[in-house]
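Reading the structure
Each chain, letter by letter, is given below.
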Amino acid sequence: MKDDATNISKITKLLKEAINYETQGKKEEAIESYKNAHKYLLEIAKNSKGEERKKRLSQAENVLKAYNSLKNVDINEDKINNGKKILQSLNIETPEIPNITFNDVAGLEDVKNEIMSKIIYPMRYKELSEEYDIEFGGGMLLFGPPGTGKTFIVKAIANEVKANFINVNPSSLYSQWFGQFEKNISLLFKAAYLLSPAIIFFDEIDTLVPKRSGNESDAAKRGVSQLLTEVGGLTSEKDKNIFIIAATNNPWAIDEAILRPGRFDVKIYVPPPDYEARKKLFELKLAKIKPVGNIDYGHLAEITEKYSGADIEFICKKAIQNVFMEVVKTGNKIPVNSEDLMSVIYQIKPSIDENMLNRYKMYTDA
Ligand SMILES: Nc1ncnc2c1ncn2[C@@H]1O[C@H](COP(=O)(O)OP(=O)(O)OP(=O)(O)O)[C@@H](O)[C@H]1O
Ligand SMILES: [Mg+2]
């Protein structure tokens, strides 16, 4: 019995210690203290009977819970760190959850709805989507003219589903070394599992998997087939936390094999901004500055047909900069007005033209 008394005081001390360590962020030490407290509690339980035994066992169980939860945090952190390390070795930026939301994306309502139903809701309401047998997985391809917000909207998706955004630059995966290209692709998917929920984003995918000409190197061929295997193989439960999205403004230059069912089979056209979207773009891109004067958003939207979202962003930045220079020179704090924006619009050409749009139309209709 004397032994038990010593053990009890030991346990009290260990548990106090564990909590102290935990609050100080000393996880290893806290884990060790919980482990020992658990051991002593089991010893006492073994020596006792009835109610006393029950009480000690239940205490031991609670200590075990505290121990396990700390251990699990540890395992999770290890996973995340390993995932990050793999990406570092591939020269891919450390992923994070972007801070862009769907509210920052002007227009593109159809695109947003499509993405909502194919990615965001199935990921957010997993059980419900299983009940309704909603399929998800595989990949999605966004295509459309340059500067229309493809990269931008993928960041917003990652934010909406609170997923890590892994932005893959094709050149960081490609390698001439025998077997290295395929290995890099497998490593990328491994990192995504460790960092899930995650979105793997292949920007400018046409450069990663160009249409086959018959002249490509063996490395390139094997890389493509490895990518197809990985994307096509995302079917198990844990894969449902990984999404693959690709973007391109040259969809006709992509290897067709990647567009087959089960791969990047959801193709979404991201069009240039329409009137309403352009109006919204001007509003959004001027929203952060304080001195805004009289701005006729409707007129600006009217005179900017075929200007992309990126063009409009540039126009706003340039106009703001011009006004700012003027203010610095004169010391006179003047607001940004419609005229300031219009004078920039007249100086730059839209980056989208009719030919380009026809080409996308032909590709979509085909
Ligand atoms: N619909 C939009 N809503 C809000 N901002 C937009 C929109 N479209 C473009 N932009 C702005 O333009 C910038 C460039 O867009 P983004 O890089 O997403 O274009 P992209 O379609 O990926 O072009 P590219 O085909 O050249 O890669 C974005 O960072 C964003 O600030
Ligand atoms: Mg882009």
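Residues numbered from 1 in each chain as written. Chains lettered and ligands numbered in written order. Predicted model: local features only at pLDDT ≥ 70, side-chain atom pairs only at ≥ 80, totals over all residues. Heavy atoms only, no water.

**Looking at the overall build of the chain**
Put simply, the rule reads: The helix count covers DSSP runs of H or I at least four residues long, the strand count covers runs of E at least two residues long, and both are numbered beginning at the N terminus. Every radius of gyration here is taken over C-alpha atoms, with the globule rule written as 2.2 Å times N^0.38, N being the number of residues. Exposure was quantified through the Shrake-Rupley algorithm and a 1.4 Å probe, taking into account, for residues, occlusion by the shown protein chains and nothing else.
For the chain, the helix and strand inventory stands at 15 helices and 5 strands. Here the chain has a C-alpha radius of gyration of 28 Å; the compact-globule value for 366 residues is 21 Å, and the former is much larger. Seen along its three principal axes, the alpha-carbon backbone of the chain occupies a region of about 95 × 65 × 45 Å. Surface exposure of the chain reaches about 20400 Å², of which carbon and sulfur atoms provide 51%.

**Quick word on the sheet that holds strand β2 (residues 164-168)**
The condition is simple: Strands qualify as paired when DSSP identifies two bridges or more between them. For helices, the fitted axis covers only the stretch in contact; all axes are lines through C-alpha atoms, and the angles between them, taken along N-to-C directions, range from 0 to 180 degrees.
In space, the 5 strands of this open sheet follow the order β2-β3-β4-β1-β5, with parallel pairing throughout. Among the strands making up the open sheet, the edge pair consists of β2 and β5 (266-269). Sheet twist, expressed as the mean angle between neighbouring strand axes with direction ignored, is 20 degrees. Sheet analysis places strand β1 (residues 139-143) next to β5, joined by 4 bridges and oriented parallel. In the sheet register, Leu141 faces β5, and the bridge partner there is Lys267.

**Comments concerning the site of ligand 1**
Note the following rule: We call a residue near a molecule or strand as soon as one heavy atom of that residue lies within 4 Å of the molecule or strand. We define a polar contact as two N or O atoms separated by no more than 3.5 Å, with the added condition that, inside protein, one atom must be a possible hydrogen donor and the other a possible acceptor, whereas residues neighbouring each other in sequence contribute only through side-chain atom pairs. For this classification, Asp, Glu, Lys and Arg are treated as charged, while Ala, Val, Leu, Ile, Met, Phe, Trp, Tyr, Cys and Pro are nonpolar and the rest, including Gly, are polar. Domains are outlined according to an automatic or database domain assignment.
Around ligand 1 lies a shell of 17 residues, among which Ala106, Gly147, Lys150, Thr151 and Asn249 are the nearest. Measuring from an oxygen atom of ligand 1, one finds a side-chain N or O atom of Glu313 at 2.9 Å. Compared with its free state, where it exposes 630 Å², ligand 1 has 82% of that area covered by protein. Listing elements by their share of the shell around ligand 1, those giving two or more residues are α6 (150-160), α11 (275-286) and α13 (309-330). Classifying every residue of the shell around ligand 1 by side-chain character gives 7 nonpolar, 6 polar and 4 charged. Lining the shell around ligand 1 are residues from two domains, each supplying at least three of them: domain 2 (102-269) and domain 3 (275-365).

**Notes on the confidence of the model for the chain**
The line we're drawing: One confidence number per residue, pLDDT, is output by the predictor and ranges from 0 to 100.
Per-residue confidence for the chain gives a mean pLDDT of 87; residues scoring 70 or more make up 95%. Taken element by element, the chain is modelled with least confidence in helix α10 (residues 218-232), mean pLDDT 76, and with most confidence in helix α12 (residues 297-302), mean pLDDT 96.

**Describing the pattern of salt bridges**
Formally: Only one rule defines a salt bridge in this text: a Lys or Arg side-chain nitrogen within 4 Å of an Asp or Glu carboxyl oxygen. The buried label goes to any residue with under 20% of its type's maximum accessible area, the exposed label to any with over 50%, and the partly exposed label to all in between, with areas taken from a 1.4 Å probe on protein chains only.
For the coordinates displayed, the defined rule picks out 12 salt bridges. Notably, a salt bridge pairs Glu32 with Lys35, separated by 3.9 Å at the nearest N-O pair. Pair noted here: Glu32 and Lys35 are both in helix α2 (residues 27-47), with a separation of 3 residues, about one helical turn. Residue Glu32 is classed as partly exposed on the basis of its relative accessible area of 40%. Two residues, Lys306 and Glu354, come together in a salt bridge whose shortest N-O distance is 3.0 Å. Of this pair, Lys306 sits in the loop between α12 and α13 while Glu354 sits in helix α15 (residues 354-365); the two residues are 48 residues apart in sequence, bridging distant segments of the chain.

**Focus: the packing of helix α4 (residues 109-124) against α6**
Selection criterion: The cut-offs work like this: below 35 degrees is roughly parallel, past 145 is roughly antiparallel, 65 to 115 is roughly perpendicular, and the gaps in between are oblique. When the near helix sits turned anticlockwise from the far one by under a right angle, the crossing is termed left-handed; a clockwise turn instead gives a right-handed crossing. Contacts are assigned to residue pairs with any non-hydrogen atoms lying within 4.5 Å of each other.
The interhelical angle for the contact between α4 and α6, taken along N-to-C directions, is 30 degrees, at an axis separation of 10 Å. Classified by the angle between their axes, α4 and α6 sit roughly parallel to one another. Here α4 and α6 pass one another in a crossing that is right-handed. Here α4 contributes Val111, Lys112, Ile115, Ile119, Ile120 and Arg124 to the contact with α6, which in turn contributes Ile153, Ile157 and Glu160. Tallied by class, the residues present in the contact of α4 with α6 amount to 6 nonpolar, no polar and 3 charged.

**Structural notes on α2**
Using the following cut-off: To estimate how far a helix should reach, multiply one less than its number of residues by 1.5 Å.
For α2, which comprises 21 residues, the first-to-last C-alpha distance of 31 Å matches the rise-based estimate of 30 Å (1.5 Å per residue) to within 8%. All of the buried residues in α2 are Lys27, Ala30, Ile31, Ser33, Tyr34, Ala37, His38, Tyr40, Leu41, Ile44 and Ala45.

**A few points about the packing of aromatic side chains**
Counted only if it meets this: For Phe, Tyr and Trp, rings pair up if their centres lie within 6.5 Å, where Trp contributes its six-membered ring, and each pair is then called stacked (planes under 30 degrees apart), edge-to-face (over 60) or tilted (otherwise).
Applying the stated rule across the entire model yields 7 aromatic pairs. Seen in terms of ring centroids, Trp252 and Tyr363 are 6.0 Å apart; in terms of plane orientation they differ by 75 degrees. Their pairing is edge-to-face. Taken as a pair, Trp252 in the loop between β4 (242-248) and β5 and Tyr363 in helix α15 lie far apart in primary sequence, 111 residues in all. Here Trp252 matches Tyr363 in class, with each residue buried.

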